[in-house]
Amino acid sequence: VSGQIYAISTLGSFIGTFLPVLVLTPTIGTTFTFLAFSGFLNLVALLGLWNSVGRSAAFKLAWMPLVLAVLAILWGRAPLKTTAGQIYETESAYNYIQVLEIDGYRLLRLNEGQGIHSMWHPTQLFYGGPWEQFLAAPFFNPAPYDLQRVKRIAIVGLAAGTTVRQATAVFGPIPIDGWEIDPKIIEVGRQYFEMVEPNLNAIPEDGRYGLAHSNQLYTIIAVDAYRPPYIPWHLTTREFFQVVRDHLTDDGVAVINVGRSPTDRRLIEGLVGTMSSVFPSIYVMDVPNTFNSIVYATRQSTEINNLYANFDYLNRKGNIPPLLMESLARTVTYLQPTPSSQVVFTDDLAPIE
């Protein structure tokens, strides 16, 4: 009897672990997954009554799960969240996805909604966030550096394509490969954020795997997949940044968006220490009025005066997209001292929590 109970319990653990994750949640969503298991527990209770006190007693209580089923169906059709401005929500195998529209701006939020992952406006391209700061990356190279030298861009953490739209407006319709592990987010980007640029190759795949298997070299590789408090640790390690470096052109620059608190910069310090084991030059800027910092790493050895010289060169040259000049101005203004760190995250040990 003990063996049978233990065997059934183990089987239940397997079913309870894998069925919701791999089948029910992606198919019917979190709400109906809870309701399905609740209904199953009701069924177990009725069968137990049948076996212990007889059919008549079980039938007397059979109305209870029926009423619960009706209430569950009615309740399950309600929105999961009722946030002000919400125009769409859905669940995927990876995320709870929410689209808000506020004052003409569309916002992509995921799960707890701690951050905005993409923005869109029909006429505006500058949003005062981290996305436009990726545009400044190549101008850490020696001056003069012209926009035409940016040939191809990779984005790990595509989301709904804000960076794609901005980069295309600045650098023209150059090829952009964007990896987004959640294919549903790509669908949402196309439907609600006009992520339909013909130069974008949106790839529903893990970014590290996809970049490692790419046969392309990139002028800019942007990593925008850190989503505190859930950071994919395999995108923070020395081995990952070696993959990034191997896929950069000689004048290529890696740039990452890092979340932080106002007083705790340990994650930035750890990432700078890790990237310094692969890249010769590292720079950090804080995005004003946010909890974001941008870390730039150049494939070749560079110096900060390159950024100042390029900013001055483009300013004198004129006819440069205002979005780029604003990005460069903010980078120059909000540069931070590059921290010194001996921390190196590896595939064997990456305690980013």
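Residues numbered from 1 in each chain as written. Predicted model: local features only at pLDDT ≥ 70, side-chain atom pairs only at ≥ 80, totals over all residues. Heavy atoms only, no water.

**A look at the overall build of the protein chain**
Reasoning step 1: Counting its regular elements, the protein chain contains ten helices and twelve strands.
Reasoning step 2: C-alpha extents for the protein chain along the principal axes are approximately 90 × 45 × 40 Å.
Reasoning step 3: When burial is assessed residue by residue, the protein chain has 47% of its 353 residues classed as buried.
Reasoning step 4: Partitioning the contacts of the protein chain with sequence separation of at least 6, the portion at a separation of at least 24 is 66%.
Reasoning step 5: Just so you have it, the protein chain exposes about 17,900 Å², and 59% of that area is on carbon and sulfur atoms.
Reasoning step 6: A distance of 4 Å separates the average location of the 23 positive side-chain charges in the protein chain from that of its 29 negative side-chain charges. (Helix = DSSP H or I, 4+ residues; strand = E, 2+ residues; numbered from the N terminus. Buried < 20%, exposed > 50% of the residue type's maximum accessible area, 1.4 Å probe, protein only. Contact = heavy atoms within 4.5 Å. Areas by Shrake-Rupley, 256 points an atom, 1.4 Å probe, with all protein chains shown as cover. Lys, Arg positive; Asp, Glu negative; His and termini not counted. Charge placed at Lys NZ, Arg CZ, Asp CG, Glu CD.)

**Focus on the packing of helix α9 (residues 305–317) against helix α10 (residues 322–333)**
Reasoning step 1: Interhelical geometry of α9 versus α10 gives an angle of 150 degrees and a closest axis separation of 11 Å. On the basis of the axis angle, α9 is roughly antiparallel to α10. Judged by the twist between their axes, the crossing of α9 over α10 is left-handed. Only Leu324, Met325, Leu328, Ala329, Thr331 and Val332 of α10 make contact with α9, whose side of the interface consists of Leu307, Tyr308, Phe311, Leu314 and Asn315.
Reasoning step 2: Here the residues of the contact of α9 with α10 sort into nine nonpolar, two polar and no charged. (Axes fitted to C-alpha atoms, helices over the stretch in contact; angles between N-to-C directions. Parallel < 35°, antiparallel > 145°, perpendicular 65-115°, else oblique. Left-handed = near helix turned anticlockwise from the far one by under 90°. Nonpolar A, V, L, I, M, F, W, Y, C, P; charged D, E, K, R; others polar.)

**Details of the pairing of strand β1 (residues 86–91)**
Reasoning step 1: As judged from the five bridges shared by β1 and strand β2 (residues 96–102), these two strands associate in the antiparallel manner. By the bridge assignment for β2, Glu89 is matched with Gln98.
Reasoning step 2: Between the antiparallel neighbours β1 and β2 lie four residues. (Pairing = 2+ DSSP bridges.)

**Remarks on the side chain of Thr237**
Reasoning step 1: One can find Thr237 in the loop between β8 (218–223) and α7 (238–246).
Reasoning step 2: Among the polar contacts made by the side chain of Thr237, one reaches the side chain of Arg208 at a distance of 3.4 Å.
Reasoning step 3: Here Thr237 is in contact with Arg208, Thr274, Phe345, Thr346, Asp347 and Ala350, once residues within four sequence places are set aside. (Polar contact = N/O pair within 3.5 Å; in protein donor to acceptor, adjacent residues only side chain to side chain.)

**Topic: the nonpolar core**
Looking at soluble globular proteins, one finds that nonpolar side chains tend to be buried together.
Reasoning step 1: Counting 40 residues, the largest nonpolar core has Phe139, Ile153, Phe171, Tyr296, Leu314 and Leu324 as the members making the most contacts within it.
Reasoning step 2: If near-sequence neighbours (up to four positions away) are discounted, Leu314 is found in contact with Phe139, Tyr145, Leu147, Ile320, Leu324, Met325 and Leu328.
Reasoning step 3: Counting 33 residues, the second-largest nonpolar core is a separate cluster that includes Ala154, Val284, Ala297 and Ala350. (Core = buried A, V, L, I, M, F, W, Y, C linked by side-chain atoms within 4.5 Å.)

**A look at the sheet that holds strand β6 (residues 176–179)**
Reasoning step 1: Taking strand neighbours across the sheet as the criterion, the eight strands line up as β7-β6-β5-β8-β9-β11-β10-β12 in an open arrangement whose pairing is mixed. Strands with a single pairing partner mark the edges of an open sheet, and in this sheet they are β7 (200–203) and β12 (335–336).
Reasoning step 2: Here six bridges tie strand β10 (residues 281–286) to strand β11 (residues 292–298), and the two strands are oriented antiparallel to one another. Looking at β11, one finds that Ser281 is bridged to Thr298.
Reasoning step 3: With respect to the sheet, helix α4 (residues 162–171) is in contact with β5 (153–156), β6, β7 and β8, its orientation differing from that of β5 by roughly 165 degrees.

**Describing the sheet that holds β2**
Reasoning step 1: Reading across from one edge, β1-β2-β3-β4 is the order of the four strands in this open sheet, with antiparallel pairing throughout. Every interior strand has two partners, whereas the edge strands, β1 and β4 (118–120), have only one. Mean inter-strand twist for the sheet, computed between neighbouring axes without regard to direction, equals 15 degrees.
Reasoning step 2: Where strand β3 (residues 105–110) meets β4, three bridges bridge the pair, whose relative direction is antiparallel. Paired with Leu107 across the strands is Met119, a residue of β4.

**Considerations on the environment of Leu235**
Reasoning step 1: Position of Leu235 relative to the elements: it lies in the loop between β8 and α7.
Reasoning step 2: On the accessibility criterion, Leu235 (3% relative accessible area) is buried.
Reasoning step 3: Put simply, Leu235 and Tyr127 are 108 residues apart on the chain and 26 Å apart in space, counted from C-alpha to C-alpha.
Reasoning step 4: Among all residues touching Leu235, those that are not within four sequence positions of it are Val156, Arg208, Ala225, Tyr226, Phe240 and Phe241.

**So, unusual backbone geometry**
Reasoning step 1: A cis amide bond links Ala143 to the next residue, Pro144, at an omega of -5 degrees.
Reasoning step 2: In this structure, Pro144 sits in the loop between β4 and β5.
Reasoning step 3: Of note in this structure, Asn111 is not a glycine but carries a positive phi near 55 degrees.
Reasoning step 4: With respect to the helices and strands, Asn111 occurs in the loop between β3 and β4.

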